[in-house]
Amino acid sequence: MSEKQKTLKEAVTISGAGLHTGKEVNLTFRPAPENHGFKFRRTDLPGQPVIDADADLVTDTSRGTTIEHNGVRVSTIEHALAALTGMDLDNILIDLDCPETPILDGSSRYYVEAIKKTGIVEQNAERHYFKINEVLRYSDPEKKTELLILPNDTYKVSVMIDYDTKVLGTQNAHLSHLNDFAEEISPCRTFVFLHELEFLIRNNLIKGGDLSNAIVFVNRLISQEELDRLAKFFNKPRVEVLKEGILNNLELYFNNEPARHKLLDVIGDLSLVGTRIRGHVIASRPGHLANTHFARIIKQHIKHETSQPQQPKFDLNKPPLCDINDIKRLLPHRPPFLLVDKILEMSDHDVTGLKNVTMNEGFFIGHFPDEPVMPGVLIIEAMAQTGGIFVLSSVPDPENYITYFMKIDNVRFRQKVVPGDTLIFHLELMSPFRRGISHMRGVAYVGNKIVAEAELMAQITKKTVS
């Protein structure tokens, strides 16, 4: 069942301080047209430049995710993007009058509430998904960080964190469906260790920070003098350490709130892929640097896969152009070396053939008999026979000709072929057919997956009369 793209009913504005600049920020989510995606617009700059939410534009991940294009940047974008993705939106223009988004309470909660308030509408265009069909991975052994995505029919995210401390050890969080994002993930706030907070304060790096927008974990003994200094900096009457090892600035919503917030960050950062994905993301000790690197890996994989030739469309109920008897009249091959069952379609520049792979094939007797796999060379041979039928169809008396290989280049095997598979071969001319020589590019499919590809050059010659 197809799904429609979604945007907002009308614009909605959220205001608050930027974490690092301390400046008041007005962020406005605006409805956007179909296939627009997520984009940021700096309304405070001349010309109001627009920046795509794109993993390739990430320039800094030290204290949040920053994107930049042509010298224009937007920082701390992950919580807003997580809210848009978690609320199942596709097309939004995000206006900002400051270089960073408002930190609010350090979560996506207020963004989600604003989206709920204004409402969501379906658009006419269908939503496009990319289904992950192989395991993709990013790892950083030094930081003990690993992210991978597994094939799955829906988008799921699992996160594990472990900071090797008593106050924050191993935690896990899981999101099985985006429908649960608003309640289970969006309220979860960012967190920081006390020593990190002190560094940020000393270096004047959190001008908009206060004790209401982060969980502060205390992983060392701390004096009352230090607590009083923190209270003065954040304009609080008193600061103390609770038994859970956190400052008394707030109470946890969930026992695993830190892990849930890291999951929120993963969703926000992976929205920079720019495409809806179906797969199960598993992240161990993730961070913005790892998340955005992984987003680029996924984006490059999608780019590569979508640039590959797609399986030709045809109607299997339609009578074939050539059945096995027609093929026998064209090709000199005979079982067990006749490896094409049907020719489905043919034009003046391409041909599509079919082979049903069964356990009765003679080569399975000796080729990995306990786990039968069709030999790669025979896949290429079947591809070549399909091309041979195309070439022989160019002469009026094909029974008097035979086809010989001249060259095979750029062969690649991508998936194994086993009994029960139906192989589809599609070959296209790479250059015009001249002097009996054809140069073709062939691709073999099983279902929607490419199993092999090659460039073939062959020549037809008249049979010698004995």
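Predicted model only: the values in this text are computed from it and were never measured.

1. Focus: helix α1 (residues 78-86)
Summarising burial for α1: nine of the nine residues are buried, a large majority. Of the residues making up α1, those classed as buried are E78, H79, A80, L81, A82, A83, L84, T85 and G86. Looking one or two places after α1, you find D88, whose phi comes out positive at around 65 degrees.

2. Considerations on the side chain of T145
Following the sequence through the fold, T145 ends up in strand β13 (residues 145-150). Classification of T145 as buried rests on a relative accessible area of 8%. A polar contact of 2.8 Å, which involves the side chain of T145, links it to the backbone oxygen of R285. Apart from residues no more than four positions distant in its own chain, T145 is found in contact with Y138, S139, D140, S284, R285, P286 and A290.

3. Comments concerning the packing of aromatic side chains
Two measures describe an aromatic ring pair: the distance that separates the ring centres and the angle between the ring planes. Under the counting rule described, the total for this entry stands at three aromatic pairs. Look at F29 and Y111: their rings are 5.8 Å apart centre to centre, the planes differ by 55 degrees, and that puts the pair in the tilted class. Of this pair, F29 sits in strand β3 (residues 24-31) while Y111 sits in helix α2 (residues 109-118), placing them 82 residues apart in sequence. The pair F29 / Y111 is uniform in exposure class, with both members buried. Between the aromatic rings of F363 and F364, the centroid separation amounts to 4.7 Å while the plane-to-plane angle is 65 degrees, which identifies the pairing as edge-to-face. By the burial criterion, F363 is buried, and F364 matches it. Directly above the aromatic system of F254 lies the positively charged group of R260, at a separation of 3.8 Å from the ring centroid. Note that R278 overlies the ring of Y129, its terminal NZ or CZ placed 3.9 Å from the centroid.

4. Side note on the packing of α1 against α2
At a minimum axis distance of 8 Å, the contact between α1 and α2 shows a crossing angle of 40 degrees. As summarised for this structure, α1 and α2 are arranged oblique, according to the angle between their axes. At the point where α1 passes α2, the crossing takes the right-handed sense. Between α1 and α2, the contacting residues are H79, A80, A83 and L84 on the first element and Y111, V112 and I115 on the second. Grouping the amino acids of the contact of α1 with α2 by side-chain chemistry returns six nonpolar, one polar and no charged.

5. Some words on the environment of I437
Looking at the element boundaries, I437 is found in strand β23 (residues 437-446). Taking the C-alpha atoms as reference, I437 lies 8.9 Å from M406; in sequence the two are 31 residues apart. Setting aside residues up to four positions removed in sequence, I437 forms contacts with M406, P432, M457, A458 and Q459.

6. Focus: helix α9 (residues 376-392)
Helix length check: α9 (17 residues) gives 24 Å between terminal C-alpha atoms against 24 Å at 1.5 Å per residue, within 8%. The element α9 is largely enclosed, with a buried count of 15 among its 17 residues.

7. Side note on the environment of E428
Assignment of secondary structure puts E428 in strand β22 (residues 422-434). Along the sequence, E428 and F390 sit 38 residues apart, while their C-alpha atoms lie 9.7 Å from each other. Ignoring anything within four residues of it in the chain, the contact list for E428 reads H349, D350, H439, M440 and R441.

8. Notes on the sheet that holds strand β2 (residues 12-17)
Read across the sheet, five strands follow the order β2-β3-β9-β4-β5 without closing on themselves; strand pairing throughout is mixed. The open sheet has two free edges, formed respectively by β2 and β5 (50-52), since each of these has just one partner strand. In this sheet, adjacent strand axes meet at a mean angle of 25 degrees when their direction is disregarded. The sheet strands contacting α2 are β2 and β3, and the helix crosses β2 at an angle near 160 degrees.

9. Section: the pattern of salt bridges
Counted by the stated rule, this structure contains 27 salt bridges. The salt bridge involving D56 is made with K299; its shortest N-O contact spans 2.7 Å. One end of the pair, D56, is in the loop between β5 and β6 (58-60); the other, K299, is in helix α7 (residues 288-307), with 243 residues separating them in the sequence. The salt bridge involving D153 is made with K131; its shortest N-O contact spans 2.6 Å. Of this pair, D153 sits in the loop between β13 and β14 (155-162) while K131 sits in strand β11 (residues 129-131), placing them 22 residues apart in sequence. Judged by relative accessible area, which is 54%, D153 ranks as exposed. Take K131: its relative accessible area is 45%, and that puts it in the partly exposed class. Taken together, the shared-partner salt bridges connect E3, K6, D88, D90, R127, R276 and R278 into one network.

What counts, and at which threshold
Residues numbered from 1 in each chain as written. Predicted model: local features only at pLDDT ≥ 70, side-chain atom pairs only at ≥ 80, totals over all residues. Heavy atoms only, no water. Buried < 20%, exposed > 50% of the residue type's maximum accessible area, 1.4 Å probe, protein only. Helix = DSSP H or I, 4+ residues; strand = E, 2+ residues; numbered from the N terminus. Polar contact = N/O pair within 3.5 Å; in protein donor to acceptor, adjacent residues only side chain to side chain. Contact = heavy atoms within 4.5 Å. Phe/Tyr/Trp six-rings, centres within 6.5 Å; stacked < 30°, edge-to-face > 60°. Lys NZ or Arg CZ within 6 Å of the ring centre and 35° of its normal. Axes fitted to C-alpha atoms, helices over the stretch in contact; angles between N-to-C directions. Parallel < 35°, antiparallel > 145°, perpendicular 65-115°, else oblique. Left-handed = near helix turned anticlockwise from the far one by under 90°. Nonpolar A, V, L, I, M, F, W, Y, C, P; charged D, E, K, R; others polar. Expected span 1.5 Å × (residues − 1). Pairing = 2+ DSSP bridges. Salt bridge = Lys/Arg side-chain N within 4 Å of Asp/Glu carboxyl O.

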